[in-house]
Amino acid sequence: MTDITLLPQVEAFLRRRHTLFIDGGYVQSHSSQTLEVINPATDQVIAHVADADAADVDAAVESARRGFQQWSQVAPAVRGNVLLKLADLLERNREELAQIETCQSGKIIQVSRAFEVDQAAHFLRYYAGWATKISGQTLTPSLPSFAGERYTAFTLREPVGVVVGIVPWNFSTMIAIWKLASALVTGCSIIIKPSEFTPLTILRIAELAVDAGLPAGALNVLTGSGRVGQALVEHPGTDKVSFTGSVPTGIAVGRSAASAGLTRATLELGGKNSAGFLRDVDLDTAVNGIIEAGFLHSGQICAAAERFFAHRSQIEPLMARLSERLGKLHIGSPLDERTEFGPVTNRQHQRKLEGFFAKARAENNTIIHGGKPMDRPGCYVEPTVILANSLNDSLLNEETFGPIATFLPYDTEEELLALMNHTPYGLSASLWTNDLSKALRMVPAIHAGTVWVNMHTLLDPAVPFGGVKSSGIGREFGSAFIDDYTELKSVMIRY
Ligand code: NAP
């Protein structure tokens with residue numbers, strides 16, 4: 001087991017006295033409170049960040065209001081170029097950013113490089129392309145003229161203003177990039193509130209954004225607890241919140257936004273996503289699919305599957321083969337390039353997962369594989385496979401957000417659809433089959449914002465993403481985000 005050596009600039013960054021990023025630079029917090037950032041692979045405190053207070057929230061909002069005045073007047077092509085330059089800078093600083101991310105989140109280094117940095121750069125470039133393509137429409141008014149006068153009309157797409165981007169800990173870089181790219185390309189300014197568990201990478205990216213040419217105030221970063229997020233949502237100077245996180249927090253944020261004078265809210269929330277395997281899929285394909293759907297980044301992906309349905313005739317051999325594969329996973333330090341499965345991101349989450357193992361046992365579920373924390377330093381839990389007894393069992397209904405795949409057999413395809421839809425959530429789902437025509441007939445019956453066929457979890461900036469039912473309101477990516485970050489103004493003219 002060999003960890004890669006941290007770059008000198010990563011060591012230096014971690015040693016910094018971290019402050020807030022307001023008005024184009026680092027500023028001291030008004031608060032003397034700080035939060036520890038803990039590496040979940042080693043339990044070591046690696047940095048301290050400011051726990052912003054109400055005066056910091058006011059300062060960030062004032063900065064973002066000034067930033068909005070300036071940035072919204074910048075020509076679209078120039079806005080696009082700044083995002084393109086930021087993408088280049090992410091790539092130029094790829095290893096530094098990936099290492100910071102792995103140290104704060106325990107994400108294996110290969111995933112930090114490929115997703116948190118490379119994919120984030122792809123998303124930035126995709127959004128940059130929209131800068132020059134956002135426009136209103138020319139309309140023909142419909143009512144008859146009263147006395148020979150004529151009418152014409154058009155719409156303008158105007159940026160909503162100051163956006164609050166609240167980010168969870170699972171993909172702290174990529175999700176922050178989705179939010180800042182959507183805001184900046186439409187001419188909004190943004191204040192990012194990262195999770196208190198993973199606040200570091202975005203602080204470094206804010207510095208790179210200034211190098212890319214972003215004017216002061218267009219991007220601000222406020223570190224701190226959930227209280228800071230709440231204060232930003234409730235602040236009269238903010239116009240929109242783009243929240244990604246859990247369902248309970250999302251509902252609270254939606255309520256606060258509505259009470260704060262109908263602040264617009266996009267809510268990208270959790271789920272309990274299903275994967276259904278039709279009988280024609282061979283066992284090896286199914287096992288690869290389950291690993292892709294349920295175990296990437298230790299299952300800490302909002303779109304990951306947690307409910308797995310296989311035909312009754314296949315369920316036992318499938319779980320046996322899955323257990324064999326999970327037993328061969330290289331579990332270890334996230335800074336070791338051979339590691340395939342690392343720790344979960346924080347102690348609180350590890351304890352929550354232990355609670356789910358206890359629930360599974362209490363409800364007499366069969367633990368086929370794993371089901372325990374690992375006896376080593378850091379926040380490790382075993383990759384786990386569970387066979388539930390009934391559709392009402394907790395592990396088939398509550399989001400674990402961890403490496404726990406829970407199975408239930410089905411007999412008919414009608415039953416499979418009913419099982420997949422039996423959840424209050426609807427972020428994503430996947431169907432696995434060689435019969436594409438059957439899959440295309442089943443897709444419309446699945447209640448989810450994204451349905452994958454023979455794949456799971458891959459997000460593409462050109463394809464809209466968001467939840468139905470309790471998994472959220474609004475869509476990111478594609479052209480769909482434009483509706484959420486702009487106001488449509490109608491202009492009507494009599495002549
Ligand atoms: P979380 O506890 O809901 O926190 C999300 C963010 O909200 C964090 O920055 C948190 O700050 C902040 N926050 C907490 N209380 C707040 C309040 N009252 N007002 C405003 N902000 C508040 O979620 P998490 O545990 O970080 O992330 C895991 C969850 O995110 C899972 O449920 C997962 O499914 C979901 N998720 C959804 C998507 C999607 O696109 N749909 C993507 C990724 C993750 P602190 O961390 O400082 O408390």
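Quick notes on the rules
- Starting afresh in each chain, residues are numbered from 1 along the sequence in its written order.
- Local features are withheld for residues below a pLDDT of 70 in this predicted model, meaning they are given only at 70 or higher, and side-chain atom pairs are given and counted only at 80 or more; totals for whole chains, interfaces and linings count all residues.
- Only hydrogens and water are removed before side-chain values are computed, so all heavy atoms of the structure are retained for them.
- We call a residue near a given molecule or strand whenever any one of its heavy atoms falls within 4 Å of it.
- For the purposes of these results, a polar contact is taken to be a pair of N or O atoms within 3.5 Å, where, inside protein, one atom must be able to donate a hydrogen and its partner to accept one; residues adjacent in sequence count only when each atom of the pair is a side-chain atom.
- The protein chains shown are the only cover counted for residues, whose accessible areas, like all others here, come from Shrake-Rupley with a 1.4 Å probe.
- In this text, helices come from DSSP runs of H or I with a minimum length of four residues, and strands from runs of E with a minimum of two, each type numbered from the N-terminal end.
- Polarity classes work like this: nonpolar for Ala, Val, Leu, Ile, Met, Phe, Trp, Tyr, Cys and Pro, charged for Asp, Glu, Lys and Arg, and polar for all others, with Gly in that last group.
- Segmentation of the chain into domains, including their bounds, is taken from an automatic or database domain assignment.
- Each residue is assigned to one of three classes by its accessible area relative to the maximum for its type, calculated with a 1.4 Å probe on protein chains only: buried under 20%, partly exposed between the two thresholds, exposed over 50%.
- Any two strands with at least two DSSP-identified bridges between them are counted as paired.
- Assignment of crossover handedness uses the view with strands pointing away from the viewer, where a clockwise path from the first strand over the helix to the second indicates a right-handed crossover.
- To obtain each axis, a line is fitted to C-alpha atoms, and for helices this fit is confined to the stretch in contact; angles are then taken between N-to-C directions over 0 to 180 degrees.
- The contact definition used throughout considers only heavy atoms, calling two residues in contact when any of these lie within 4.5 Å.

## Here we look at the site of the ligand
- Close contacts around the ligand come from 29 residues, with Val167, Glu196, Ser246, Leu269 and Glu399 the closest.
- Taking valine 167, its main chain carries an N or O atom lying 2.8 Å from an oxygen atom of the ligand.
- Within the backbone of glycine 245, an N or O atom sits 3.4 Å from an oxygen atom of the ligand.
- Calculation on the ligand without its partners gives an accessible area of 910 Å², and the protein chains cover 88% of this total.
- Within the residue set of the shell around the ligand, elements represented by two or more residues are helix H8 (226-234), strand S10 (240-244) and helix H9 (247-259).
- By residue class, the composition of the shell around the ligand is 13 nonpolar, twelve polar and four charged.
- Taken domain by domain, the makeup of the shell around the ligand includes at least three residues from each of domain 1 (8-270 + 471-492) and domain 2 (273-461).

## With respect to the pairing of S10
- Most of S10 is tucked away, with five of its five residues classed as buried.
- By the bridge criterion, four bridges tie strand S7 (residues 162-166) to S10 in an arrangement that is parallel. Each residue of the ladder has a partner; that of valine 164, found in S10, is valine 241.
- Following the backbone out of S10, through H9 and into the adjacent parallel strand S11 (residues 264-268), one traces a crossover that is right-handed.

## Quick word on the sheet that holds strand S12 (residues 273-277)
- Sheet architecture is open: seven strands sit in the order S14-S15-S16-S13-S12-S18-S19, paired in mixed fashion. For this open sheet the edge positions go to strand S14 (366-369) and strand S19 (450-453), each flanked by a neighbour on one side alone. Strand-to-strand twist across the sheet, computed as the mean angle between neighbouring axes with direction ignored, equals 25°.
- Pairing of strand S15 (residues 384-387) with strand S16 (residues 404-410) involves four bridges; the strand directions are parallel. The residue bridging isoleucine 386 from the neighbouring strand is threonine 406, located in S16.
- Packed onto the sheet, helix H11 (residues 315-327) meets strand S13 (305-311), S14, S15 and S16 and runs at close to 165° relative to S16.
- Together, S12, S13, S16 and strand S18 (428-432) form the strand contacts of helix H13 (residues 413-421), whose direction differs from that of S16 by roughly 145°.

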